[in-house]
Amino acid sequence: MFTPDPIPRRTGPPASSTPLGDYLSRARHGVDGGYTVLPRSLAEAMPLPWQHQMSHLLAEFHQAFGHVQWPVYRVVPSRYERLADLDDEQLAEVGCTVEVGDDGELEYRMRDGRRIDDPEDHHVLVSCLDPIPRQSPGGPQPMPAAPPPPW
C-alpha cells in the first residue's frame with residue numbers, strides 16, 4: 001500500500017505570496033505604479049469562457065471592496081513624448097510654459113515655476129488617440145497562452 005519511495009519535491013522557486021503584484025510589476029500594457037487598466041473593447045472581445053471567468057473575478061472583487069468610496073476614474077490614452085517636441089496645446093496639458101529667456105534661448109518651466117534644463121531629454125505623458133480599435137464580436141480572438149507549470 002505504501003511506497004518506500006520519497007515524495008518528489010517540487011522544482012523551481014517557491015510560490016510567491018504576492019503573485020498579482022509580481023506579475024503587474026513586470027507587465028507593460030495598461031499598468032503603472034498605481035493602476036491597472038483593461039481596455040473594455042479588448043475585454044469584451046475575449047473568448048466567452050474568459051469573459052465568464054473575468055466577470056466572476058470582478059464580481060468577487062467588487063463584493064469584497066464594495067464598502068470603499070470609489071471615485072469616478074477618467075482614463076485617457078496617453079504616451080510619453082519629449083518635452084521639446086510638444087505643441088502649445090500639449091504643453092498646456094502637461095502644465096508647462098515656454099518663454100524666451102534673457103539669452104534668447106527657449107526656457108521651459110513647469111506650472112510650479114521649476115525650470116526644465118534639458119527639454120530634449122525630458123519625457124512627459126500626453127494624451128493621444130486611442131490606438132486600440134473597437135473589437136467587433138466576430139473579430140480576431142486572442143490566442144491563449146501556454147498553461148503555467150503545474151506547481
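The preceding data block contains the structure.
Each chain has its residues counted from 1, running along the sequence as written. Selection of residues for local features in this predicted model requires a pLDDT of at least 70, selection of side-chain atom pairs for listing and counting requires 80 or more, and totals for whole chains, interfaces and linings are taken over all residues. Excluding hydrogens and water, the side-chain figures rest on all heavy atoms present in the structure.

In terms of nonpolar packing, the biggest core is built from ten residues, these being Leu83, Leu86, Leu91, Val94, Cys96, Tyr108, Met110, Ile116, Val124 and Val126. Put simply, DSSP marks the helices as runs of H or I at least four residues long and the strands as runs of E at least two long, and each gets a number from the N terminus on. Broken down by secondary-structure element, the contributors of at least two residues to this core are helix 4 (88–94), strand 3 (106–110) and strand 5 (123–127). Note on contacts: a residue pair is in contact if any heavy atoms of the two residues lie within 4.5 Å. If we skip the residues at most four places from it in the chain, leucine 86 touches Glu81, Leu91, Val94, Val124 and Val126. What makes a nonpolar core is a set of buried Ala, Val, Leu, Ile, Met, Phe, Trp, Tyr and Cys residues whose side-chain atoms join them at distances within 4.5 Å. Partly exposed describes any residue whose relative accessible area lies between the buried limit of under 20% and the exposed limit of over 50%, with all areas from a 1.4 Å probe on protein chains only and scaled to the type maximum.

As a further point, take the packing of aromatic side chains. The aromatic pairing rule takes the rings of Phe, Tyr and Trp, using the six-membered ring of Trp, and pairs them if the centres are within 6.5 Å, calling planes under 30 degrees apart stacked, those over 60 edge-to-face and the rest tilted. Tallied over the entire structure, the rule returns three aromatic pairs. Both rings, one in tyrosine 35 and one in tyrosine 73, keep their centres 5.4 Å apart while their planes meet at 65°; by these two values the pair is edge-to-face. Of this pair, tyrosine 35 sits in the loop between helix 1 (19–26) and helix 2 (40–44) while tyrosine 73 sits in the loop between helix 3 (48–64) and strand 1 (78–82), placing them 38 residues apart in sequence. Three or more aromatic residues joined by ring pairs form one cluster here, namely Phe61, Phe65 and Trp70.

To continue, consider the sheet that holds strand 2 (residues 96–100). Within a sheet, neighbouring strands are paired by backbone hydrogen bonds and run either parallel or antiparallel to one another. Strand order across the open sheet formed by three strands is 2-3-4, with antiparallel pairing between neighbours. Looking at which strands have only one partner, the edges of the open sheet turn out to be strand 2 and strand 4 (115–116). Pairing of strand 2 with strand 3 involves five bridges; the strand directions are antiparallel. Bridging from a neighbouring strand, glutamate 99 pairs with glutamate 107 of strand 3. Between any two strands, at least two bridges found by DSSP are needed for them to pair.

Definition used for salt bridges: Asp or Glu carboxyl oxygen within 4 Å of a side-chain nitrogen of Lys or Arg. As enumerated under the stated definition, the model contains six salt bridges in all. In this structure, arginine 40 engages glutamate 44 in a salt bridge whose closest nitrogen and oxygen atoms are separated by 2.7 Å. In this pair, arginine 40 and glutamate 44 are both assigned in helix 2, four residues apart and thus about one turn of the helix distant. The class of arginine 40 is exposed, set by a relative accessible area of 61%. Between aspartate 112 and arginine 114 there is a salt bridge whose closest N-O contact spans 3.5 Å. Here the residues in one salt-bridge network are Arg82, Asp85 and Glu120, joined through shared partners.

So, on to the side chain of glutamate 107. One can find glutamate 107 in strand 3. Any N or O atom pair separated by 3.5 Å or less is treated as a polar contact, with the protein-specific requirement of one donor-capable and one acceptor-capable atom, and with residues adjacent in sequence counted only for side-chain atom pairs. At 3.3 Å, the side chain of glutamate 107 forms a polar contact with the side chain of arginine 109. The residues touching glutamate 107, leaving out its near neighbours within four places in the chain, are Thr97, Val98, Glu99, Gly101, Asp102 and Arg115.

Nonpolar side chains (Val, Leu, Ile, Met, Phe, Trp, Tyr) within 5 Å and like charges within 9 Å form the patches, drawn only from residues with over 30% relative accessible area and no salt bridge. Areas reported here follow the Shrake-Rupley algorithm with a probe of radius 1.4 Å; residue values treat only the protein chains shown as occluding. On the surface, Tyr35, Val37, Leu58, Phe61, Phe65, Val68, Trp70, Tyr73 and Val75 cluster together into a nonpolar patch covering about 860 Å² of accessible area. As for its position among the elements, valine 37 is in the loop between helix 1 and helix 2. With relative accessibility at 34%, the residue valine 37 sits in the partly exposed group.

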